[in-house]
Structure formats: C-alpha cells, structure tokens
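One letter stands for each residue in the lines below.
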Amino acid sequence: MADRVAIVTGAARGIGAAVAQRLAADGMAVALFDLDEQGVLDGADKIVAGGGRALGLKVDVADEDQVNAAVAQVAEQLGAPTVLVNNAGVLRDNLLFKMSSSDWDTVMNVHLRGAFLMSKAVQAYQTKEGFGRIVNLSSTSALGNRGQANYSAAKAGLQGFTKTLAIELGKFGVTVNAIAPGFIATEMTKATAERMKISFDDFIKGAAQAIPVARVGQPEDIAHTASFLVSEGAGFVSGQVVYVAGGPKD
Ligand SMILES: NC(=O)c1ccc[n+]([C@@H]2O[C@H](COP(=O)([O-])OP(=O)(O)OC[C@H]3O[C@@H](n4cnc5c(N)ncnc54)[C@H](O)[C@@H]3O)[C@@H](O)[C@H]2O)c1
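- The protein chain has the name 3-oxoacyl-[acyl-carrier protein] reductase in an unreviewed UniProt entry, where Lentzea fradiae is given as its organism.

1. Observations concerning the UniProt feature "domain: Ketoreductase" (unreviewed entry) in the protein chain
(1) Moving on: Sites flagged by UniProt as "domain: Ketoreductase" (unreviewed entry) map to residues 4-182.
(2) Moving on: Taken end to end, residues 4-182 comprises 50% helix and 20% strand; its first and last C-alpha atoms sit 29 Å apart.

2. Some details on the domain arrangement of the protein chain
Note on interface size: it is often stated as the accessible area lost on association of the parts.
(1) Moving on: Segmenting the protein chain into domains produces domain 1 (5-182 + 218-243) and domain 2 (186-216).
(2) Moving on: Each partner contributes residues to the interface: domain 1 has 11 residues there, and domain 2 has 7 residues.
(3) Moving on: Together, the buried faces of domain 1 and domain 2 total about 640 Å²; carbon and sulfur atoms form 59% of this surface.
(4) Moving on: On the domain 1 side of the contact with domain 2, Arg13, Leu91 and Asp93 bury the most area, a combined 50% of that side's loss.
(5) Moving on: Between domain 1 and domain 2 we count 2 salt bridges in total.
(6) Moving on: Taken together, domain 1 and domain 2 are joined by 2 residue pairs in polar contact (both at pLDDT 80 or more).
(7) Moving on: At the level of secondary structure, the elements contributing two or more residues to the side of domain 1 that touches domain 2 comprise helix 1 (14-25) and helix 8 (219-229).
(8) Moving on: A per-class count over the side of domain 1 that touches domain 2 returns 5 nonpolar, 3 polar and 3 charged.

3. Brief notes about empty space enclosed by the protein
(1) Moving on: By the definition in use, this model includes 1 cavity of 30 Å³ or more.
(2) Moving on: The computed volume of the largest cavity comes to approximately 60 Å³.
(3) Moving on: Together, Thr9, Val61, Asn86, Asn87, Ala88, Val110, His111, Gly114, Ala115, Leu137, Lys155 and Leu158 line the largest cavity.
(4) Moving on: Of all elements in the fold, only helix 4 (101-129) and helix 5 (149-169) reach the threshold of two or more residues within the lining of the largest cavity.
(5) Moving on: Element by element, the count of residues in the lining of the largest cavity is highest for helix 4, at 4 residues.
(6) Moving on: Residue composition of the lining of the largest cavity, grouped by class: 6 nonpolar, 5 polar and 1 charged.

4. Some words on helix 3 (residues 64-77)
(1) Moving on: Between its first and last C-alpha, helix 3 extends 20 Å over 14 residues, near the 20 Å set by a 1.5 Å rise per residue.
(2) Moving on: Close packing links the buried residues of helix 3 with strand 1 (5-9), strand 2 (29-34), strand 3 (54-58), strand 4 (81-86) and helix 4.
(3) Moving on: Structurally, the start of helix 3 carries an N-cap: the backbone nitrogen of Asp65 is 3.1 Å from a side-chain oxygen of Asp63.
(4) Moving on: Gly79 occupies a position one or two residues after helix 3 and carries a positive phi of about 120 degrees.

Definitions and cut-offs
Residues numbered from 1 in each chain as written. Predicted model: local features only at pLDDT ≥ 70, side-chain atom pairs only at ≥ 80, totals over all residues. Heavy atoms only, no water. UniProt positions renumbered as here; feature names shortened; annotations may be inferred. Helix = DSSP H or I, 4+ residues; strand = E, 2+ residues; numbered from the N terminus. Domains from an automatic or database assignment. Contact = heavy atoms within 4.5 Å. Buried area = accessible area lost by both parts, 1.4 Å probe. Salt bridge = Lys/Arg side-chain N within 4 Å of Asp/Glu carboxyl O. Polar contact = N/O pair within 3.5 Å; in protein donor to acceptor, adjacent residues only side chain to side chain. Nonpolar A, V, L, I, M, F, W, Y, C, P; charged D, E, K, R; others polar. 1 Å grid on protein atoms, 1.4 Å probe; cavity = no way out; pocket = protein on both sides within 12 Å on 5 of 7 lines; lining within 4 Å. Points joined across faces, edges and corners; volume = space filled by probe spheres on them. Expected span 1.5 Å × (residues − 1).

Below, the structure is given as structure tokens:
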C-alpha cells in the first residue's frame, strides 16, 4: 500500500487515532481529520517522526465547505486520497421521550451527513485512479441499544450506505465495507461509564463478562480490521459489515 493516501476522520483519539497510526505503519500517507486540531497535529507529528508522511487538519465532517476544502488540500499536499475511513462519531444518548431534536440531528449529521460528504468528495479521486477503499464505522448498536435511538439509527443507516456505495462504486475498483465494533475502551465508552455513574474499570469488567473472548476491545483491534479491509488483497470483499465484538453479534 506504499504511495497510497488515506484519510481518517475523527483521528484525534481513540479508534481513529489507532487506525491512522496503523495505516501509516502499513506504508500509507495519512491525513487525520478531527474537530480537535491539537489531537490531529500530534498524531501527524508522530507519523512524521516515524518516517512517514502525514497531515493533521481541523475539519468538521458535517460541514460541506470544510470537507471539500480539506480533501482538496490533502490531494495537493499528499496526493490523491483513495482510502477513506469514516470514523468520526459522537454520542447523545437518552431515552426517546427525553431525546431532544437537536441531539437527534447532531448524531445524524456527524455519522450520516459526515460519511456522505466525505465519501462524495473522495470518490472523485478514487474513480479517477481506478482504485479505492472506504471503511465506515458502524456499531453493534445498529442492532438496537437502549438509550441510543439516534445512534443506532445512524449506525444502521451507515450499513445501508455502505452496501449501496459498494454497488455503485465497485466497477471503479472501489470497495466499501463497514466495521461494527462492540465495546472498545476509548473516551467514548469512558464517557458512558461516567454518565452511568460507575467507574470505567467496573464498566469494563461488567462488559467483558458478556463477551465470549472475555475482554473488551482495544482501538488496535479495529485498526487491524481496517488495515485488512483497505489492503490491496481485500479487493473482492465489498458491501460487508464486519462485527468486531469478541463474539457473534448479529
Ligand atoms: N468505542 C466504542 O465502543 C465504539 C463501538 C462501536 C462503534 N464506535 C464508533 O467508532 C468511532 C470512533 O469511536 P471512539 O470510541 O474512538 O470515539 P471518541 O469519542 O474517542 O473519538 C471520536 C472522535 O471523533 C471526533 N469528532 C466528533 N465529531 C466530529 C466532527 N463533526 N468532525 C470531525 N471529527 C469529529 C471527536 O473529536 C473525537 O476525536 C465512532 O464512529 C463510534 O461511534 C465506537
């Protein structure tokens, strides 16, 4: 995958940060997009310090002008982006009767509008190059999860989006897949523990008891799967949702 240029959204921390480092280790130039500018600059510095090529940009994936400008900047500074990992995400959990319409809209905008805008901008380069890989971060919550009507709808929506793009873009050498993680130890799950007023350690222990491999996931578990899905050799895998949850989830 040397010479390939990848964009990872939500790359300032957690799963996105691990995916960015892993794709760089695989030999790709990596552009890190996030609202958190310092986080992506630090991540890009780490890649450059290791001898790689990287760029950290402050981008709101739900903002069309920002997305288009940032993707064009990547093409100019690193080369045509042909690998895209749509990872940026937020939680606004609440039971339906307490969920505000703005919490609904925020979650839809980051996950669905964000993945749409990013994929639309990047496919122009992928179809021209005759090669592309898109990986969308879904979730086991797509199957339903109490308190997550907005998030589960967005994550299920991303699965339909994935399958449709796989059908539309396949003939251009572009594969599109989704990863649906189970419990991964990141700031996102830490925030959930805080909201539930239990310690992160206890939250992790409780979650691990229900997982067949008897542990929670780490960002590197998802990075490994993303590395496979974007690899040259995975060109016949498309339109799939890979549950990475330490056991069967669907
Ligand atoms: N952690 C889990 O257990 C888990 C499970 C299933 C799916 N996921 C999904 O994996 C992805 C990464 O999750 P994580 O646990 O690393 O979360 P995280 O909260 O640690 O990181 C998410 C990143 O996305 C960024 N982001 C949010 N809104 C953005 C926007 N509008 N534009 C650009 N960047 C934005 C945040 O600043 C943050 O750096 C998310 O899509 C999440 O829904 C996580």
